[in-house]
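# Observations on the three-dimensional arrangement
Residue-level listing of the chains:
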Number of protein chains: 2
Amino acid sequence: MTTDLPRRPGRPARPVTREHLLKVAREAFSQLGYAGASMGDIAGRAGIRKSSLFHHFATKDDLYREALSTVVADLGVFVGQALQGDGTFVERLDRSILATQHYFGAHPVAARLLMREFVDGGAAITAAGDAVAAVLETSVAMFEQGMNEGILPRTDARHLAMTVAAVQIQFYATPEVSARLVGADVFAPDVVEQRSQIVVEHLHRLLGIK
Amino acid sequence: MTTDLPRRPGRPARPVTREHLLKVAREAFSQLGYAGASMGDIAGRAGIRKSSLFHHFATKDDLYREALSTVVADLGVFVGQALQGDGTFVERLDRSILATQHYFGAHPVAARLLMREFVDGGAAITAAGDAVAAVLETSVAMFEQGMNEGILPRTDARHLAMTVAAVQIQFYATPEVSARLVGADVFAPDVVEQRSQIVVEHLHRLLGIK
DNA sequence: GTCTATACATCGATAGAC
DNA sequence: GTCTATCGATGTATAGAC
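As the structure is a prediction and not an experimental result, all values here were calculated from the model.

All right, on to the overall build of chain A then. If you tally the helices and strands in chain A, you get 10 helices and zero strands. Along its sequence from the N terminus, chain A presents helices and strands in the succession α-α-α-α-α-α-α-α-α-α. Counting only C-alpha atoms and orienting by the principal axes, one finds that chain A spans roughly 70 × 35 × 30 Å. In chain A, which comprises 210 residues, the proportion classed as buried is 47%. Sequence separation of 24 or more characterises 63% of the internal contacts of chain A that already satisfy a separation of 6 or more. Element-wise, carbon and sulfur atoms account for 56% of the exposed surface of chain A, whose accessible area totals about 10200 Å².

Here is the structure:
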């Protein structure tokens, strides 16, 4: 039976990395929201004291912004890469859909963190808000391109982008509701694969492809 | 120039009604979330003191549950009434879609409050969570009925219900994002009408109608 | 870089006067 | 039914030792 020695100040052999702190912060903010997660809780998850966390991030707002921006950036490059390369319009569209679904499926904190930021109004974030707006604008531009090429029927591309975004994010942003409805763990690999194929099918019908 | 007299105890001529307290509570919880809204803030919005609010609701949790349940109940009867009556499958479907969209458009706090509850995992709520699950199950049953009648092509009705719910709620649950994308106030009557028609169009294509 | 200790505000909730 | 006053816990953030 081991006894917990009282913690003492000093430079530890293996200090926690900034990346690890951001990881646990993403988990906390995703689960509890900005207001619900506390610096003490996040520090505890990382195995350090609250004041040590403040050494790495001057304010809670700073920590939140950086944690959120990593998700937005990750998703941005992931989807960006999928859009690169050759192929038909539909092939590029499908690659971006699957990339998004696989990203959300592989990173359980991501969709919920994004959705919370959207619901909060994105007031706390300007940089990330602009990045999100850029992603949506890319989506709008893509749909307009498809309409101009005659592949997609003409409709309001901006309302369409909002609907498409909703279809892609909701399932993973509210996993308890999704799990209760489909009767399975949302992040199980086979469920992610199934949902990915279904989202492709849903969005094809929604966009009027074929 | 009037001077603010200090508040004094006693029975006021016109005490605030429970309905008014629930209304301002819905606004606060919708804007700030459960963790972000405080009993003091809600009391202040209603023009009373925090301790007076605790006279009406024993705990913050009680207030939240009742505020949320009014939205779930309102939406339930609104959509339920739309589903009643005669008409073809598509006519009943369209009535329920339009009822939902008009409800969200007319009650700016509703969709956001619901989405917050979904993102929070519905852990705080059992009764309302069951009510929401019931609405989704009704949706599933309706789609399966449409498939059995040969009106809808066969697909996974449960995943379909999740997608349909996302399309209906997202636009009004994240109004700042929506407004930025479409460049207009989401709750302006003409925008609500436009979005309603577009959602009907989107869901028709998604469901494979016609 | 981490710790102890603390300052100071706000939170949910209670007690008791009117 | 509303108020003043207060309690105890928790929140963000800071100061200074090691």
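With 130 residues, the main nonpolar core has Leu114 and Phe143 of chain A together with Leu114 and Phe143 of chain B as its most contacted residues. If we skip the residues at most four places from it in the chain, Leu114 of chain A touches Leu68, Val71, Val72, Leu75, Phe104, Val132 and Ile169 of chain A.

Moving on, we come to the packing of aromatic side chains. Residue and element names in this part refer to chain A. A full pass over the atoms with the stated rule returns 16 aromatic pairs over all chains. Between Tyr172 and Phe187, the aromatic rings sit 5.7 Å apart at their centres with planes inclined by 35 degrees, giving tilted as the arrangement. Remark: Phe187 occurs in the loop between helix H9 (175-182) and helix H10 (189-207) and Tyr172 occurs in helix H8 (residues 157-173); sequence separation between them is 15 residues. By the ring-pair criterion, three or more aromatic residues cluster together here, those being Phe78, Tyr103, Phe104, Phe171, Tyr172 and Phe187.

The next point concerns the pattern of salt bridges. Residues and elements named next belong to chain B. Tallying each qualifying case throughout the model produces 14 salt bridges over all chains. For Arg112, the salt bridge identified is with Glu176, shortest N-O distance 2.4 Å. Here Arg112, found in helix H6 (residues 110-119), pairs with Glu176, found in helix H9 (residues 175-182); they are 64 residues apart in sequence, far enough to count as distant. With a relative accessible area of 9%, Arg112 lands in the buried category.

A few words now on the interface of chain B and chain A. Taken residue by residue, the interface counts 45 residues in chain B and 45 residues in chain A. A combined buried area of about 4100 Å² lies between chain B and chain A, and 63% of that area is made up of carbon and sulfur atoms. Contact with chain A buries area across many residues of chain B, yet His159, Met162 and Leu181 of chain B alone supply 19% of it, more than any other trio. Inspection of the chain B/chain A interface yields two salt bridges. The shortest N-O distance in the salt bridge between Asp120 of chain B and Arg116 of chain A comes to 2.1 Å. Counting across the interface, chain B meets chain A through 14 residue pairs in polar contact (both at pLDDT 80 or more). The greatest single-element share of the side of chain B that touches chain A, amounting to 12 residues, is contributed by helix H8 (residues 157-173) of chain B. Residue composition of the side of chain B that touches chain A, grouped by class: 21 nonpolar, 12 polar and 12 charged.

All names here are of chain A. Here Arg45 is to be found in helix H2 (residues 39-46). What makes Arg45 partly exposed here is its relative accessible area of 32%. Sequence separation between Arg45 and Leu68 is 23 residues, and the spatial gap between their C-alpha atoms is 18 Å. Contacts of Arg45, omitting those with residues within four sequence positions, involve Val24, Glu27, Ala28, Gln31 and Leu32.

It is worth spelling out the relation of the copies chain B and chain A at this point. Each copy of the sequence occupies a distinct position, and chain B is placed on chain A by a rotation of 180 degrees and an axial shift of 0.0 Å, giving an RMSD of 0.0 Å. Here the two chains are linked by the operation of a two-fold rotation axis. Judged by C-alpha distance, Leu206 of chain B is the residue of chain B that lies nearest the rotation axis, at 2.3 Å. Mapped onto chain A, 100% of the interface residues of chain B are again interface residues, and the two copies thus contact each other with one and the same surface.

Rules used throughout
- Residues numbered from 1 in each chain as written.
- Chains lettered and ligands numbered in written order.
- Predicted model: local features only at pLDDT ≥ 70, side-chain atom pairs only at ≥ 80, totals over all residues.
- Heavy atoms only, no water.
- Helix = DSSP H or I, 4+ residues; strand = E, 2+ residues; numbered from the N terminus.
- Buried < 20%, exposed > 50% of the residue type's maximum accessible area, 1.4 Å probe, protein only.
- Contact = heavy atoms within 4.5 Å.
- Areas by Shrake-Rupley, 256 points an atom, 1.4 Å probe, with all protein chains shown as cover.
- Core = buried A, V, L, I, M, F, W, Y, C linked by side-chain atoms within 4.5 Å.
- Phe/Tyr/Trp six-rings, centres within 6.5 Å; stacked < 30°, edge-to-face > 60°.
- Salt bridge = Lys/Arg side-chain N within 4 Å of Asp/Glu carboxyl O.
- Buried area = accessible area lost by both parts, 1.4 Å probe.
- Polar contact = N/O pair within 3.5 Å; in protein donor to acceptor, adjacent residues only side chain to side chain.
- Nonpolar A, V, L, I, M, F, W, Y, C, P; charged D, E, K, R; others polar.
- Least-squares fit on C-alpha atoms with pLDDT ≥ 70 in both.

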